[in-house]
Amino acid sequence: MTQASDKVRIQRQREAFGHRVREHRLSAGLSQEELAEAAGIHRTYVSSLERGQRNVSLDNIIALACALRVDAAQLLEGI
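1. Brief notes about helix H1 (residues 3-27)
With 25 residues, H1 extends 36 Å between its outermost C-alpha atoms, agreeing within 8% with the 36 Å of an ideal straight helix rising 1.5 Å per residue. For H1, the elements touching its buried residues are helix H2 (32-39), helix H3 (43-50), helix H4 (58-68) and helix H5 (72-76). Following H1 by one or two positions, Gly29 has its phi on the positive side, about 75 degrees.

Structure (structure tokens):
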């Protein structure tokens, strides 16, 4: 793969992860602000993460999963 195609693939994976977080957040009946507070992160971080604009750390994946009451693997499955 070329560097350009790698960047596109990675961006799509970030967007897929953000979409998965959003689906779980909405299913849980949480606003971005409520999820952010429960996960100990900033609301604007959740917003940009859901749009695929963040390279999320393992610590934040775990924090989000705990706040959403799902296993972290569920957020990453198929990505």
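2. Considerations on the packing of H2 against H4
Running from N to C, H2 and H4 cross one another at 115 degrees; their axes reach a closest spacing of 8 Å. Classified by the interaxial angle, the pair formed by H2 and H4 is roughly perpendicular. The way H2 lies across H4 gives a crossing that is right-handed. In this structure, H2 uses Leu35, Ala38 and Ala39 to contact H4, whose residues at the interface are Ala63, Leu64, Ala67 and Leu68. Per-class residue counts for the contact of H2 with H4 are seven nonpolar, no polar and no charged.

3. Examining the nonpolar core
Residues Phe17, Val21, Leu35, Ile41, Leu49, Leu64 and Leu75 are the most contacted members of the largest nonpolar core, which totals 17 residues. Mapped by element, the contributors of at least two residues to this core are H1, H2, H3 and H4. Ignoring any residue separated from it by four or fewer positions in sequence, one finds Phe17 in contact with Leu49, Val56, Ile61, Leu75, Leu76 and Ile79.

4. Focus on unusual backbone geometry
A positive phi angle, near 60 degrees, is found at Arg69, a position not held by glycine. When you line up the elements, Arg69 lands in the loop between H4 and H5.

5. Describing the layout of surface pockets
Here the largest pocket is characterised by a volume of approximately 160 Å³. Every residue lining the largest pocket is listed: Ile10, Gln13, Arg14, Phe17, Arg54, Asn55, Val56, Ile61, Leu76 and Ile79. Here the lining of the largest pocket gets four residues from one element, more than from any other, and that element is H1. Its residues assigned to classes, the lining of the largest pocket comprises six nonpolar, two polar and two charged.

What counts, and at which threshold
- Residues numbered from 1 in each chain as written.
- Predicted model: local features only at pLDDT ≥ 70, side-chain atom pairs only at ≥ 80, totals over all residues.
- Heavy atoms only, no water.
- Helix = DSSP H or I, 4+ residues; strand = E, 2+ residues; numbered from the N terminus.
- Expected span 1.5 Å × (residues − 1).
- Contact = heavy atoms within 4.5 Å.
- Axes fitted to C-alpha atoms, helices over the stretch in contact; angles between N-to-C directions.
- Parallel < 35°, antiparallel > 145°, perpendicular 65-115°, else oblique.
- Left-handed = near helix turned anticlockwise from the far one by under 90°.
- Nonpolar A, V, L, I, M, F, W, Y, C, P; charged D, E, K, R; others polar.
- Core = buried A, V, L, I, M, F, W, Y, C linked by side-chain atoms within 4.5 Å.
- Buried < 20%, exposed > 50% of the residue type's maximum accessible area, 1.4 Å probe, protein only.
- 1 Å grid on protein atoms, 1.4 Å probe; cavity = no way out; pocket = protein on both sides within 12 Å on 5 of 7 lines; lining within 4 Å.
- Points joined across faces, edges and corners; volume = space filled by probe spheres on them.

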